[in-house]
Amino acid sequence: MAKAKRKFVCQQCGTVSNRWQGQCDDCGEWNSIAEEAAETVFSARHDLHTGGRALRLVGLDSEVELPPRTSTGIAEFDRALGGGIVAGSATLIGGDPGIGKSTLLLQAAARIAARGLSVAYISGEEAADQVRLRAQRLGLGSAPVQLASATSVRDILTTLGEGEPPALLVIDSIQTMHSDLIEGAPGTVSQVRASSQELIRFAKQRGTALILVGHVTKDGSIAGPRVLEHMVDTVLSFEGERSHQYRILRAIKNRFGGTDEIGVFAMVAEGLEEVANPSALFLTHRDENVTGATVFPALEGTRPVLVEIQALVVRLSSGATPRRAVVGWDSGRLAMVLAVLEARCGLSFSTCEVYLNVAGGYRLSDPAADLAVAAALMSALSERPVPADVVLFGELALSGEIRPVAHSPLRLREAAKLGFNRAYVPAAAADGVKGISVSGYRALSQLVDQMLGRG
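Criteria and cut-off values
Residue numbers run consecutively from 1 along every chain, following the written order of its sequence. Predicted model: local features are reported for residues with pLDDT of at least 70 only, side-chain atom pairs are reported and counted for 80 or more only, and whole-chain, interface and lining totals are derived from all residues. Heavy atoms from the whole structure form the basis of all side-chain values; hydrogens and water molecules are not counted. Here, the term nonpolar core denotes a set of buried Ala, Val, Leu, Ile, Met, Phe, Trp, Tyr and Cys residues that are joined through side-chain atoms within 4.5 Å. Under the scheme applied here, a residue whose accessible area is under 20% of the maximum for its type counts as buried, over 50% as exposed, and between as partly exposed, the area being computed with a 1.4 Å probe on protein chains only. Helix numbers and strand numbers start at the N terminus; a helix is a DSSP run of H or I with at least 4 residues, a strand a run of E with at least 2. Each domain span listed reflects an automatic or database assignment of domains. Residue contacts are defined here by distance: any two heavy atoms, one from each residue, within 4.5 Å place the two residues in contact. UniProt positions are given in the numbering used here, feature names are shortened, and annotations may be inferred rather than shown by experiment. We call two strands paired when DSSP finds no fewer than two bridges between them. All axes here are fitted lines through C-alpha atoms, helices being fitted over the stretch that makes contact, and every angle between N-to-C directions spans 0 to 180 degrees.

Novice: What is the right way to look at the nonpolar core in this model?
Specialist: Proteins that are soluble and globular tend to have nonpolar side chains buried together. The biggest cluster of nonpolar side chains holds 68 residues, and the ones touching the most others in it are Phe296, Leu341, Leu364, Leu377 and Leu444. Per-element tally for this core: the top contributor is helix H9 (residues 370–382), with 10 residues. Residues from two domains meet in this core; each of domain 2 (69–276) and domain 3 (281–452) gives at least three. If we ignore the near neighbours within four places in the chain, the residues touching Leu377 are Ala311, Val313, Leu334, Val337, Leu338, Leu341, Phe349 and Val354. The next biggest cluster of nonpolar side chains, apart from the first, holds 33 residues, and it includes Ala80, Leu81, Leu105 and Val119.

Shown next, in the form of structure tokens:
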């Protein structure tokens, strides 16, 4: 009998090798490689062209009924999911410890159960009494949610298979689950993969909506094998700083909807509260004009969010190397904007320290923020404030051209609704909307000349 081959698997990224080593070659993590039991080798002894079951092929134009959705009772949660929970779907939600994942799911489970649907909440990290105490603090103590504390997938599926399957099953968290079919401790790559596969199979066969809570690594990615994100239908990321009040639920993958929607919440004493107007979280109240501050209408899916960008420029006289610090934006993009301001607009930042911050702890990835950042830097350098009733957006090219961005009318309507009277935008988006005056610019130098009064 052939000797079973030894297998070593990285517990962070799932890379398989035939020998142990201190550092993983793929992800670079140290001491993350562990030996696991070799899988049974299957050798096909017959021709696979015959003996199988014939499949029924359908065309792309076939009529397909849309999957039914169940509202969670939390509008922001439904928005991120694409309209609600789909029966038989598997959703993975990840986030930093203490960010509010269990709180959000407990609130959603309680609201679904209050409508008469069966909900099972399985916790592998806390006892049932601890979950019950949290529910009482949130004012959900009377919700008919079925609680259990377990880590064995066999015990969970045996219990749920005895009667009518629940409409919603919450597993908190998948890294604590254990399958006795696989050797290894809970949380290892093989255990997470096997446990997820069994739970997802149960959800697909019985029509139960499954939500898995996932741990994250120190760099913010979901712990465990990457294949876990491929196995589920939806991947949600719960973001935010624990020192800030707001939380953002962002869809990374969604087979039943788009990945450009977010849900915004605020952490209060009663749990997570929906934020109908997210711009109120990220805009400071300014009674007078302030240098180095601009307002940018960011776009998250179909929802515009107005955020304040703050810049500070400090001139150095000692000849020391100037520092560049940025919070909430890409540092590489800041360096590009500074280079365009120096090369195309004649502004020198070489002897100045530059600090850039997005107020409220918001993280920007929209390239349309280039113009607002450039205006904030100009204002801080020249100590001339940008008018408080102005919003700015536009993407900068290395030539200094201001390029158009997507959904300009949507951004302008949101700015007008919040009381802003003027907008500095790319020339191609200068048509404007009712209630706001729009000024279009083809090049960044035109805006610089206007702000600095250069003729």
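Read on for the rest.
Novice: For this particular structure, what's the right way to read the UniProt feature "binding site: ATP" (unreviewed entry) in the protein?
Specialist: According to UniProt, the "binding site: ATP" (unreviewed entry) feature falls on Gly95, Asp96, Pro97, Gly98, Ile99, Gly100, Lys101 and Ser102. Mapped onto the elements of the fold, Ile99 is located in the loop between strand S6 (90–95) and helix H2 (101–114). In this fold, Ser102 is placed in helix H2. For Ser102, a relative accessible area of 15% translates into the label buried.

Novice: How do you make sense of the sheet that holds strand S13 (residues 262–268) when you look at a structure like this?
Specialist: Across a sheet, paired strands are connected by hydrogen bonds in the backbone, their directions being either parallel or antiparallel. Strand order in the open sheet formed by nine strands is S8-S7-S9-S10-S6-S11-S12-S13-S14, and the pairing between neighbours is mixed. Each of the sheet's edge strands pairs with one partner strand only, and the pair in question is strand S8 (146–149) and strand S14 (271–274). Strand-to-strand twist of the sheet, defined as the mean angle between neighbouring strand axes without regard to direction, takes the value 25 degrees. Note that strand S7 (residues 119–123) and strand S9 (residues 168–172) share five bridges and pair parallel. Bridge pairing in S9 links Ala120 to Leu169. Those strands touched by helix H3 (residues 128–137) are S7 and S8, and its axis lies near 140 degrees from that of S8. Its contacts with the sheet put helix H5 (residues 189–206) on S6, S9 and strand S10 (209–214), and the angle it makes with S10 is roughly 160 degrees.

Novice: Just checking my understanding: could you explain the sheet that holds strand S2 (residues 16–17) for this structure?
Specialist: Pairing is antiparallel across the open sheet formed by three strands, whose spatial order is S2-S1-S3. The open sheet terminates on both sides in strands that have one partner only, identified here as S2 and strand S3 (33–36).

Novice: How should I be thinking about the UniProt feature "domain: RecA family profile" (unreviewed entry) in the protein in this particular structure?
Specialist: The UniProt record annotates "domain: RecA family profile" (unreviewed entry) at residues 66–216. The span residues 66–216 carries 38% helix and 20% strand; its end-to-end C-alpha distance comes to 33 Å.

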